[in-house]
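# Overview (structure and organization)
Here are the chains, one letter per residue:
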Amino acid sequence: MPAGTLYRGREGMWSWVAHRVTGVLIFFFLFVHVLDTALVRVSPEDYDKVVATYKTPIVGLLEYGLVAAILFHALNGLRVIAVDFWSKGPRYQKQMLWSVVGIWVVLMIGAIYPVLGHAARELFGS
């Protein structure tokens with residue numbers, strides 16, 4: 001296949017966008033995580049306040065979004081590696097993308113209780 005065919009088609013374009021967006025979101029999470037962890041050295045009391053906010057249901061939803069971003073980014077990254085380094089990769093990129101989406105959906109369904117269980121108990125009781 002000629003160069004530039006990796007992201008041909010609507011699905012390829014959206015996978016390219018999603019890969020970049022999830023990468024940026026993960027980067028910002030890591031940046032904030034480093035900052036809030038460093039806060040323990042500056043002010044342990046403020047660190048405790050920040051950590052307390054992480055136990056809220058809204059942050060639970062954000063954690064689920066973080067899991068979604070990391071999981072999609074990782075699975076799609078494996079697909080990109082396969083397209084780049086497997087001689088038949090470009091030919092099967094669309095099928096691999098839909099496989100990634102299917103695996104991602106199944107894993108995200110499986111992550112609902114482990115990630116959102118605490119938030120549900122906070123909102124609705126145990």
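Since this is a predicted model, take the numbers as computed values, not measurements.

Analysis parameters
Residues numbered from 1 in each chain as written. Predicted model: local features only at pLDDT ≥ 70, side-chain atom pairs only at ≥ 80, totals over all residues. Heavy atoms only, no water. Helix = DSSP H or I, 4+ residues; strand = E, 2+ residues; numbered from the N terminus. Rg over C-alpha atoms; globule rule 2.2 N^0.38 Å. pLDDT = per-residue confidence, 0-100. Contact = heavy atoms within 4.5 Å. Buried < 20%, exposed > 50% of the residue type's maximum accessible area, 1.4 Å probe, protein only. Polar contact = N/O pair within 3.5 Å; in protein donor to acceptor, adjacent residues only side chain to side chain. Phe/Tyr/Trp six-rings, centres within 6.5 Å; stacked < 30°, edge-to-face > 60°.

On to the overall build of the chain, then. If you tally the helices and strands in the chain, you get five helices and zero strands. When the helices and strands of the chain are listed from N to C terminus, the series reads α-α-α-α-α. Compactness check: the chain gives a C-alpha radius of gyration of 19 Å against a globular reference of 14 Å for 126 residues, more than 25% above the reference. For the chain, the C-alpha atoms occupy an extent of roughly 60 × 35 × 20 Å along the three principal directions.

What follows deals with the confidence of the model for the chain. Within the chain, residue pLDDT values average 89, and 93% of them lie at 70 or more. Predicted confidence in the chain is weakest over helix α5 (residues 112-124), with a mean pLDDT of 87, and strongest over helix α4 (residues 93-110), with 95. Contacts from residues 1-5, a stretch scored under 50 in pLDDT, to residues over four places away or in other chains number three contacts.

The next subject is the environment of T56. Inspection of the secondary structure assignment puts T56 in the loop between α2 (44-53) and α3 (57-85). Overall, the relative accessible area of 32% leaves T56 in the partly exposed class. Sequence separation between T56 and V32 is 24 residues, and the spatial gap between their C-alpha atoms is 17 Å. Here the side chain of T56 touches T53 through a polar contact of 2.9 Å, landing on its backbone oxygen.

A separate point is the packing of aromatic side chains. Overall, the coordinates contain three aromatic pairs when judged by the stated rule. With 5.6 Å between their ring centres and 65 degrees between their planes, F27 and F28 make a pair best called edge-to-face. Judged by centre distance (5.7 Å) and plane angle (20 degrees), the rings of W86 and Y92 are stacked.

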